Amino acid sequence: MTKESRTAIGFEEGRTGEAKWFNDLTRSRFAGPVTPHHRVLSRTVSPETLAVHAGTYEDPITGAVGTPVFQTSTFLLDDASYAAFSDGTSRDVPIYTRYGNPSQWSVQEKIAALEGSRSALVTSSGMSAIASTVYALTNAGSHIISAYDAYGGTYNLLREDMPSAGREVTFVDPTDIGAIEAAVRPETQLLFFETLTNPLLKAPSIRRIARIAKEANALLVVDNTFLTPVNMRPLELGADVVLHSATKYLGGHSDLTAGAVVGRRKFLDRIWAQALRFGGTLEPLTAFLLERGLKTLPLRMRAQNDNAREIARFLAGHPRIAAVHHPEIGGTRYAELERADYAGFGGMVSFEVRGGDEAALDFMKKLDIPYVATSLGGVESLVSMPSNTSHSSLTARQRAQIGINPGLVRFSVGIENAQDLIRDLDNALGTPDEKDMR
């Protein structure tokens, strides 16, 4: 490889694979993208106000108080369009919906405001956001560090696709800071972690991982799906880029599929260009639904934080439950939790039913209120078992290594009345018999 080609793809001469390119992206960039009709609020306003008003497209013709759906694939070309092509600013001008659409820009501005950033990108799914980000922020010859119990789609992307793309990946326990430090190499470009893991709700120290990334001159990407910006804003803790499966809490109603990426514009422009090549465009009507769902995010998260806390405490005292995984229950796993970084812990609770998988399946069948279904983060409670859904491809030994024990149930708590949910759980669990207590 020539010196010129190495420089072109972001390597620094002398340390193969070291990421230096992101410090050289100095071109002045706008916030957004937004039009003059999008409502841009100060990031100092409360999350409740940002959720309702940030990004709203104030239509100059009709005066509509809600963002219209710009259901079009293309826009009229004018002088601004031609200038955008020649200047390389086509992300900021309505030209073609795959490049950008005012419906997308509304929801992007709202998500950016909630995360305390100036720019965001929405995509067709959480995995589209993850794949676009990982490919955009790494080069062939680079090294990535992530968690061995990351979301299954993320893990499969890193384990199956990255080696063939010339990226090496090291998987570690996300709560083992020493293991993360030991995994760093000169060619490490990216650290990818989650604010809470699925399904065991491990809580890595984002602050400490951010310091490791900075010392390694690498980028930290954080998947904040489980906590949302209502409960944690990783950019304020040192992360460079934040991701969401917006299908979950951001949308909040189990009626859309979308992804989101948030961070500085110099990173987002690069990720946007990668998403264009992958074709992960968010359709305008889905953008409308996502923006509408986001307006109630702080209210929903408050209810789900409270409900999950009450349910976790109830389950911790139930004789048919062998273990509960939730930060509010405490234990050695959360001994070093930096609680000041959290406004809440979201609506997820995982727990182990005594008697193993058969007993857990029987318990789920007896529930009246929660739906037995995959996914999470909606207004309705959902319940599932990782062993026969998200982690079914793993062997029993692999699941045990992660900590997924027989009888593990993942409960996505909705906004229903907490006492109704607790009564339903109590009835479905029933009275323990002798074999349950062994």
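What the protein contains, in helices and strands, is 15 helices and 14 strands. Taken against the 2.2 N^0.38 rule, which gives 22 Å for 438 residues, the C-alpha radius of gyration of the protein at 22 Å falls within 12% of a compact globule. With respect to the three principal axes, the spread of C-alpha positions in the protein is 75 × 60 × 35 Å. Counting across all 438 residues of the protein, residues that qualify as buried make up 55%. By sequence separation, contacts in the protein at least 24 residues apart represent 72% of the contacts at least 6 residues apart. Here the protein displays about 18200 Å² of accessible surface, and carbon together with sulfur accounts for 51% of that area. On the protein, the mean spot of the 45 positive side-chain charges and the mean spot of the 50 negative ones are 2 Å from each other.

On to the side chain of Glu-109. Mapped onto the elements, Glu-109 comes out in helix α4 (residues 102–115). Its relative accessible area of 4% is what places Glu-109 among the buried residues. Residues in contact with Glu-109, not counting those within four places in the same chain, are Val-34, Arg-39, Val-40, Arg-43, Ala-54 and Gly-55.

What follows covers the environment of Val-34. Relative to the elements of secondary structure, Val-34 occurs in the loop between β2 (15–19) and α2 (47–53). Taking C-alpha positions, Val-34 is 9.1 Å from Tyr-57, a pair spaced 23 residues apart along the chain.

The sheet built from five strands is open, its strands ordered β10-β11-β14-β13-β12 with mixed pairing. Every interior strand has two partners, whereas the edge strands, β10 (321–325) and β12 (371–372), have only one. On the sheet, helix α13 (residues 356–365) packs against β11 (348–353), β12, β13 (382–384) and β14 (408–412) and is oriented at approximately 125 degrees with respect to β11.

The next point concerns the sheet that holds strand β4 (residues 143–147). As summarised here, the arrangement of the seven strands in space is β3-β9-β8-β7-β6-β4-β5, forming an open sheet in which the pairing is mixed. The open sheet has two free edges, formed respectively by β3 (119–123) and β5 (168–172), since each of these has just one partner strand. Looking at each pair of strands side by side, their axes are set apart by 20 degrees on average, direction ignored. Note that strand β8 (residues 241–245) and strand β9 (residues 259–263) share five bridges and pair antiparallel. Its bridge partner being in β9, Ser-245 is matched across the sheet by Gly-259. In the packing of helix α5 (residues 126–136) onto the sheet, contacts are made with β3, β4, β6 (188–194), β7 (219–223), β8 and β9, and the angle to β8 comes to roughly 155 degrees.

Our focus in this paragraph is the pattern of salt bridges. Per the stated rule, a full pass over the model turns up 20 salt bridges. If you follow the salt bridges from partner to partner, you end up with Arg-91, Asp-92, Arg-265 and Asp-269 in one network.

With that settled, the discussion passes to unusual backbone geometry. Omega for the bond connecting Gly-32 with Pro-33 falls within 30 degrees of zero, at 15 degrees, which places this linkage in the cis form. Among the secondary structure elements, Pro-33 is positioned in the loop between β2 and α2. The omega torsion across Asn-198 and Pro-199 is 10 degrees, close enough to zero to call that bond cis. Take Pro-199: it is sitting in the loop between β6 and α8 (206–215). Phi angles above zero are rare outside glycine, and Leu-201 is one such case at about 55 degrees. The backbone of Ser-375 shows a phi angle near 75 degrees, a positive value even though the residue is not glycine. Among the secondary structure elements, Ser-375 is positioned in the loop between β12 and β13.

Each value, and the rule that gives it
- Residues numbered from 1 in each chain as written.
- Predicted model: local features only at pLDDT ≥ 70, side-chain atom pairs only at ≥ 80, totals over all residues.
- Heavy atoms only, no water.
- Helix = DSSP H or I, 4+ residues; strand = E, 2+ residues; numbered from the N terminus.
- Rg over C-alpha atoms; globule rule 2.2 N^0.38 Å.
- Buried < 20%, exposed > 50% of the residue type's maximum accessible area, 1.4 Å probe, protein only.
- Contact = heavy atoms within 4.5 Å.
- Areas by Shrake-Rupley, 256 points an atom, 1.4 Å probe, with all protein chains shown as cover.
- Lys, Arg positive; Asp, Glu negative; His and termini not counted.
- Charge placed at Lys NZ, Arg CZ, Asp CG, Glu CD.
- Pairing = 2+ DSSP bridges.
- Axes fitted to C-alpha atoms, helices over the stretch in contact; angles between N-to-C directions.
- Salt bridge = Lys/Arg side-chain N within 4 Å of Asp/Glu carboxyl O.

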